[in-house]
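Each chain, written out:
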Amino acid sequence: MKAIRRITVRPVLPEPLAPLHELALNLRWSWHTGTRDLFQAVDPGRWAASDGDPVRLLGAVPHARLAELAADEGFLRLLGEAADDLRSYVEGDRWYQKQSGGLPAAVGYFSPEFGITAALPQYSGGLGILAGDHLKAASDLGVPLIGVGLLYRHGYFRQSLSRDGWQQEHYPVLDPHELPLTPLREPDGTDCRVALALPGGGRLLARVWQAQVGRVPLLLLDSDVEENGPGERDVTDRLYGGGSEHRLLQEMLLGIGGVRAVRAYCRLTGHPEPEVFHTNEGHAGFLGVERIHELAGRGVDFDAAIEAVRAGTVFTTHTPVPAGIDRFDRELVARRFGPGAELPGIDPARILGLGTETYAGGDPNVFNMAVMGLRLAQRANGVSTLHGRVSREMFSGLWPGFDPEEVPITSVTNGVHAPTWVAPEVLRLGTRHLGEQRTLEALAVGGSDRWDAVAEIADRDIWELRRELRGRLVDEVRERLAASWRQRGAGAAELGWIDGVLDPDVLTIGFARRVPSYKRLTLMLRDPDRLRRLLLDPDRPVQIVVAGKAHPADDGGKRLVQELVRFTDDPRVRHRIVFLPDYGMAMAQKLYPGCDIWLNNPLRPLEACGTSGMKAALNGCLNLSVLDGWWDEWFTPDFGWAIPTADGTATDEQRRDDLEAAALYDLVERRVAPRFYERGPEGLPDRWIEMVRRTLTHLGPKVLAGRMVREYVEKLYAPAARSGRALTPDAARELARWKSKVRASWPRVAVDHVEASTATAELGATLVLRVRVALDELGPEDVEVQAVAGRVDSGDRITDASTVSLKPVGGPDLEGRWAYEGPLSLDRTGPYGYTVRILPAHRLLASPAETGLVTVPSEATAEAAGVLMR
């Protein structure tokens, strides 16, 4: 009979084993080998059956085994050491505590998904894995983060295949009591709840669960509480599920409810309040609106509150295309705010204005979450150097008049949490040569530019490690492939061939990711006959392991999966190419180390970063990728191969894919495979091993999440904290009034006249610029007048520009014009040009472009000035 309700009965541990409970609930075990070894020692068989989940393990161990362990002095000694180590890790000073410079007391980090461990399935892809790695690295560094997300009762879907290769989705129900979570409780023992007001007087309630990620608390909001109606209970049912209204409620709960959860957590635990709020993608953008609401309750007007909120907010965009941004119908958003709904004290029109696409080509009828995120954050970034450039182009309409390179969006290239993604075998090799503490410090904290100690590892040790990892992947693939075929309806008699799938001595290529069309899952199938020849080459064969999920609503992505699966089902090649369904963290941790080559072939520049190749590199896997995301930034021939991009404007999509697929085949056939199979005097692939060594030595330190989080602290969190402290309510009011004055006057601000002293246009000469400007009601203290100079291209656009501030000389003339002048050095040869511009200037602005206002000479003024010299 089927149970009508499922509950989890947690074990009562004998007193000597009580520390196991704390160790199980702190997710540091997911990246700390010693703690995992301890749990394995509890019951090796049940540890394997629990898929390495300590909470499930402790719920399955018989009482007799627990009693045995409680009397085992050797085990209790190991348990005590593990508990002491965790306590030291959580309470001791780390990198952050040793820094100076007024760092924030705490940072709130909001994300719609978090990939911490397979035991807490609250992620769908790269965004969530990145967020999980961010929290883990912050913990290792001692950064006082508070993570905020939603608890999805169905998580993200599990994937299987039908007999004909069509993706099928399954949504297992998650019981929070079976997960490594604890409820946040009020002093009277009741569950901590946050509430959102709904139109018509209703409420959306959410319980707050806490996961402990090392030193970092992660708060997860759960709407599945009895007081909610059926619709409200389902708000947090699935990650990225439902229609627009469902998604809007999820994002309101994440942003608005998330801030309220943080306030409750700090009240209940004494944790310092965040001085900086980090919005990881636009889904959490409503957190800024809630903080405005908080300030409004203290008597701060809306405009001043915006300035105060912006000062302490960081916004990270991961989206390289406008279609990837959440956009809602304005009327849908409007119904959720104002009298009788959420934030009744704020005019809904002001909230709508934050997300309106006011720029050329924008849709005034939609509410854009990324636009709101950018308007409510004084600091913003993309996730690789190339993606930062793409983002500045994509959002340049918010800063009209500025060249894209001046748009105030910087970049922090993503990194990956090495202790999570480096295989235990790689870790053991490093520990043997470098020592445990030195190895763990290098992987978790980083800080060095090179890992020169890798040179101490012998070639034979590296090669034997690579073969061991490849062999483990072969075993994993066969096991998963057999399970997949059984799910597809195959009987045991049909599956004998699986014992011959893959070979631990064959060059192994991995490709695993989500399956939107731009990632081009099936580019490798462009010429099926040529791919078969590569796979079956008698002297230099290739084998490929592929995994990936299409979004449940993306039939186009599902067709790509089916096309690939049908190719892998072909008896001629199925021992050389496989598709593994249900890609997730557990699979990825086996896949990255076992591959020799990590393949990535997106449409450039649509891969914001692409961290899977970083994880592979940390295990000695070489990259074969289009120059996109992080690979565009750090590629050298030492680390792998770059697939040429056919991105000419005259190339149609079909021809582009044909050209890039042909380039991929050529690289594998003529460069990758020969390098792998050639042998030196000692029977080793010396040149391949040297590439692995250089990857670990030079690329390893760059791709660390520790490096990434340090950059966030230094480039974004610390400046945001300083700005937030400076923007007291009075200072915020001052800045808001000043911006209002500037906007009112700006239509009448103008460059009236530009002239330069006569000089020979030769290298080293100096021009003296004299400029007359109209400032309306503004004064020189409100603006900066700049000369912008540099080389000019064939269209007379200034490139590689430098700026020089001009100084006011004397007061306004009878017409109210101000005179400015300053020297301009001719510091380069060739076509050269300059122009003049006026920018608003205030001590509390984070960027000259912050207001989006700039004035340049009219065409007539420019022509009269003679601004080009050749």
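Presented here is a report on the structure given in the accompanying data block. None of these values were measured; they are calculated from a predicted model.

1. Considerations on the overall build of the protein chain
Phase 1 of the analysis: Within the protein chain, the secondary structure is distributed over 29 helices and 27 strands.
Phase 2 of the analysis: On C-alpha atoms alone, the protein chain measures out to a radius of gyration of 29 Å, which is about the 29 Å that the 2.2 N^0.38 rule sets for 870 residues.
Phase 3 of the analysis: If you line up the protein chain on its principal axes, its C-alpha atoms span 95 × 70 × 50 Å.
Phase 4 of the analysis: Looking at the 870 residues of the protein chain, the share that counts as buried comes to 57%.
Phase 5 of the analysis: Put simply, of all contacts in the protein chain between residues at least 6 apart along the chain, 73% involve residues at least 24 apart.

2. Considering unusual backbone geometry
Phase 1 of the analysis: The peptide bond linking Arg 604 to Pro 605 adopts the cis configuration, its omega dihedral lying at 5°.
Phase 2 of the analysis: Mapping Pro 605 onto the fold places it in the loop between strand E18 (597–600) and helix H23 (612–617).
Phase 3 of the analysis: One non-glycine residue, Leu 502, adopts positive backbone phi at about 65°.
Phase 4 of the analysis: Note that Leu 502 resides in the loop between helix H19 (459–487) and strand E15 (507–512).
Phase 5 of the analysis: Under the relative-accessibility criterion, Leu 502 is labelled buried at 3%.
Phase 6 of the analysis: If you check the backbone angles, Asp 776 has positive phi at about 55° while not being a glycine.
Phase 7 of the analysis: On the secondary structure map, Asp 776 appears in the loop between strand E22 (766–774) and strand E23 (783–792).

3. Considerations on the environment of Val 259
Phase 1 of the analysis: Residue position: Val 259 is located in helix H9 (residues 244–269).
Phase 2 of the analysis: Distance in space between the C-alpha atoms of Val 259 and Pro 605 is 34 Å, their sequence separation being 346 residues.
Phase 3 of the analysis: Ignoring any residue separated from it by four or fewer positions in sequence, one finds Val 259 in contact with Phe 110, Phe 277, Leu 287, Glu 290, Arg 291 and Glu 294.

4. What to know about the packing of H19 against helix H22 (residues 585–594)
Phase 1 of the analysis: For the pair H19 and H22, interaxial distance at closest approach is 8 Å and the crossing angle is 140°. Relative to H22, the element H19 is oriented oblique. For the pair H19 and H22, the sense of crossing is left-handed. Contacts between H19 and H22 pair Arg 466, Leu 469, Arg 470, Leu 473, Glu 476 and Arg 480 from the former with Ala 586, Met 587, Lys 590, Leu 591, Pro 593 and Gly 594 from the latter.
Phase 2 of the analysis: Grouping the constituent residues of the contact of H19 with H22 by class yields six nonpolar, one polar and five charged.

5. So, the sheet that holds E18
As a general point, the strands of a sheet are linked pairwise by backbone hydrogen bonds and lie either parallel or antiparallel.
Phase 1 of the analysis: If you walk across this open sheet you meet the six strands as E17-E16-E15-E18-E19-E20, and the pairing is parallel. Pairing within the sheet leaves two strands with one partner each, and these edge strands are strand E17 (577–580) and strand E20 (640–643). Each adjacent strand pair in this sheet contributes to an overall mean axis angle of 20°, direction not counted.
Phase 2 of the analysis: Two strands pair when backbone bridges link them, and strand E16 (residues 542–547) and E17 are joined in this way by four bridges, in the parallel orientation. Residue pairing in the sheet places Val 545 in a bridge with Val 578 of E17.
Phase 3 of the analysis: Packing of helix H25 (residues 653–677) onto the sheet brings it into contact with E15, E16, E18, strand E19 (622–626) and E20, and relative to E20 it is tilted by some 165°.

6. Here's the deal with the pattern of salt bridges
Phase 1 of the analysis: By the definition in use, this model includes 65 salt bridges.
Phase 2 of the analysis: Arg 693 is the partner of Asp 459 in a salt bridge, and the nearest nitrogen-oxygen pair spans 2.2 Å. Here the residue Asp 459 occupies a position in helix H19, and Arg 693 occupies one in helix H26 (residues 686–699), the gap between them amounting to 234 residues.
Phase 3 of the analysis: The class of Asp 459 is partly exposed, set by a relative accessible area of 28%.
Phase 4 of the analysis: The partner of Glu 690 in a salt bridge is Arg 693, and the shortest N-O contact between them spans 3.7 Å. Highlighted residues: Glu 690 and Arg 693, both in helix H26, separated by three residues, approximately one helical turn.
Phase 5 of the analysis: The partly exposed category is assigned to Glu 690, whose relative accessible area is 31%.

7. Description of the state of the cysteines
Phase 1 of the analysis: Counted according to the given criterion, the structure contains zero disulfides.
Phase 2 of the analysis: Summary of cysteine pairing: Cys 192 is not part of a disulfide, and the nearest cysteine sulfur, belonging to Cys 266, is at 11 Å.
Phase 3 of the analysis: By relative accessible area, which is 0% here, Cys 192 ends up buried.
Phase 4 of the analysis: Cysteine Cys 621 is unpaired, with the sulfur of Cys 595 as its nearest cysteine sulfur at 5.7 Å.

8. Comments concerning the nonpolar core
Phase 1 of the analysis: Counting 106 residues, the largest nonpolar core has Leu 507, Met 524, Ile 544, Ile 597, Leu 624, Trp 641 and Trp 688 as the members making the most contacts within it.
Phase 2 of the analysis: If you look at the next biggest cluster of nonpolar residues, it comprises 95 residues, including Leu 127, Ala 305, Phe 328 and Met 369.

9. Brief notes about the packing of aromatic side chains
Phase 1 of the analysis: Under the counting rule described, the total for this entry stands at 19 aromatic pairs.
Phase 2 of the analysis: Through a chain of ring-to-ring contacts, the aromatic side chains of Trp 463, Trp 641, Phe 676, Tyr 677 and Trp 688 assemble into a single cluster.
Phase 3 of the analysis: Sitting over the face of the ring of Tyr 171, Arg 238 holds its NZ or CZ atom 3.6 Å from the ring centroid.
Phase 4 of the analysis: Note that Arg 488 overlies the ring of Trp 485, its terminal NZ or CZ placed 4.2 Å from the centroid.

10. Brief notes about the side chain of Asp 140
Phase 1 of the analysis: Among the secondary structure elements, Asp 140 is positioned in helix H7 (residues 126–141).
Phase 2 of the analysis: Although Asp 140 is buried, it forms no salt bridge, and the closest oppositely charged side chain is Arg 94 at an N-O distance of 5.0 Å.
Phase 3 of the analysis: Side chain to side chain, Asp 140 and His 417 meet in a polar contact 2.7 Å long.
Phase 4 of the analysis: Apart from residues lying up to four places away in sequence, Asp 140 is in contact with Trp 31, Tyr 89, Arg 94, His 417, Pro 419, Ala 444 and Val 445.

11. Points about the pairing of strand E6 (residues 193–197)
The side chains of a regular strand alternate, residue by residue, between the two faces of the sheet.
Phase 1 of the analysis: With burial as the criterion, only one face of E6 is covered, namely that bearing Val 194 and Leu 196; the residues Arg 193, Ala 195 and Ala 197 on the opposite face remain uncovered.
Phase 2 of the analysis: Relative to strand E7 (residues 203–213), E6 is paired through five bridges, and the arrangement is antiparallel. Residue pairing for E7: Leu 196 is matched across the bridge by Leu 204.
Phase 3 of the analysis: Counted between consecutive antiparallel strands, the loop separating E6 from E7 contains five residues, among which Gly 200 sits at a positive phi close to 90°.

12. Brief notes about the environment of Leu 622
Phase 1 of the analysis: Along the chain, the position of Leu 622 falls in strand E19.
Phase 2 of the analysis: Exposure remark for Leu 622: the relative accessible area of 0% places this residue in the buried category.
Phase 3 of the analysis: For the pair Leu 622 and Gly 833, spaced 211 residues apart in the sequence, the C-alpha separation amounts to 45 Å.
Phase 4 of the analysis: Among residues more than four places away in sequence, those in contact with Leu 622 are Asp 596, Ile 597, Trp 598, Phe 639, Trp 641, Trp 688, Met 691, Val 692 and Thr 695.

13. A few points about the pairing of strand E26 (residues 832–840)
Phase 1 of the analysis: Within E26, eight of the nine residues are buried, which leaves it mostly tucked inside the rest of the structure.
Phase 2 of the analysis: Pairing of E23 with E26 involves nine bridges; the strand directions are antiparallel. Paired with Val 783 across the bridge in E26 is Pro 840.

14. Digging into helix H27 (residues 705–726)
Phase 1 of the analysis: Given a rise of 1.5 Å per residue, 22 residues ought to cover 32 Å, and the 30 Å separating the end C-alpha atoms of H27 matches this to within 8%.
Phase 2 of the analysis: In H27, a bend of some 40° at Val 713 exceeds every other bend along the element.

Here is what the cut-offs are and how they apply
- The numbers attached to residues start from 1 for each chain and follow its sequence in the written order.
- Only residues with pLDDT of 70 or above have their local features reported here, since the model is predicted, and side-chain atom pairs are shown and tallied only from 80 upward, although totals for entire chains, interfaces and linings are computed over all residues.
- Only heavy atoms go into the side-chain values, all of them from the structure, while hydrogens and water stay out.
- We count a stretch as a helix when DSSP gives it H or I for four or more residues in a row; a strand needs E for two or more, and each element gets its number in order from the N terminus.
- Based on C-alpha atoms, the radius of gyration is set beside the globule rule, defined as 2.2 Å times the residue count to the power 0.38.
- Only protein chains enter the area calculation, which uses a 1.4 Å probe; residues under 20% of their type maximum are buried, those over 50% are exposed, and those in between are partly exposed.
- A contact between two residues is defined here by any heavy atoms of the two lying within 4.5 Å.
- Axis definition: a line fit to C-alpha positions, over the contact stretch in the case of helices; interaxial angles, taken between N-to-C directions, run 0 to 180 degrees.
- These descriptions rest on fixed angle ranges, namely under 35 degrees for roughly parallel, over 145 for roughly antiparallel, 65 to 115 for roughly perpendicular, and the rest for oblique.
- Helix crossings fall into two classes, left-handed where the near helix is turned counterclockwise from the far one by less than a right angle and right-handed where it is turned clockwise.
- Lys, Arg, Asp and Glu make up the charged group, whereas Ala, Val, Leu, Ile, Met, Phe, Trp, Tyr, Cys and Pro make up the nonpolar group; the residues left over, Gly among them, are polar.
- We call two strands paired when DSSP finds no fewer than two bridges between them.
- By definition, a salt bridge exists where a carboxyl oxygen of Asp or Glu is found within 4 Å of a side-chain nitrogen of Lys or Arg.
- What counts as a disulfide here is a pair of cysteine sulfur atoms lying within 2.5 Å.
- Side-chain atoms within 4.5 Å are what join buried Ala, Val, Leu, Ile, Met, Phe, Trp, Tyr and Cys residues into a set we call a nonpolar core.
- Stacked, tilted and edge-to-face are the three classes applied to pairs of Phe, Tyr and Trp rings, where Trp contributes its six-membered ring and a pair requires centres within 6.5 Å; stacked means planes under 30 degrees apart, edge-to-face means over 60, and tilted covers the rest.
- Charge-over-ring contacts are defined here by two conditions on Lys NZ or Arg CZ: a distance within 6 Å of the ring centre and an angle within 35 degrees of the ring normal.
- Positive: Lys, Arg. Negative: Asp, Glu. His and the chain ends are not part of the count.
- The definition of a polar contact used here is a pair of N or O atoms within 3.5 Å, where within protein one atom must be able to donate a hydrogen and the other to accept one, and adjacent residues in sequence count solely through side-chain atom pairs.
- In this analysis, the expected span of each helix is defined as 1.5 Å times one less than the number of residues it contains.
- One axis fitted to the seven residues ending at a residue, another fitted to the seven starting there: the angle between these axes is the bend at that residue.

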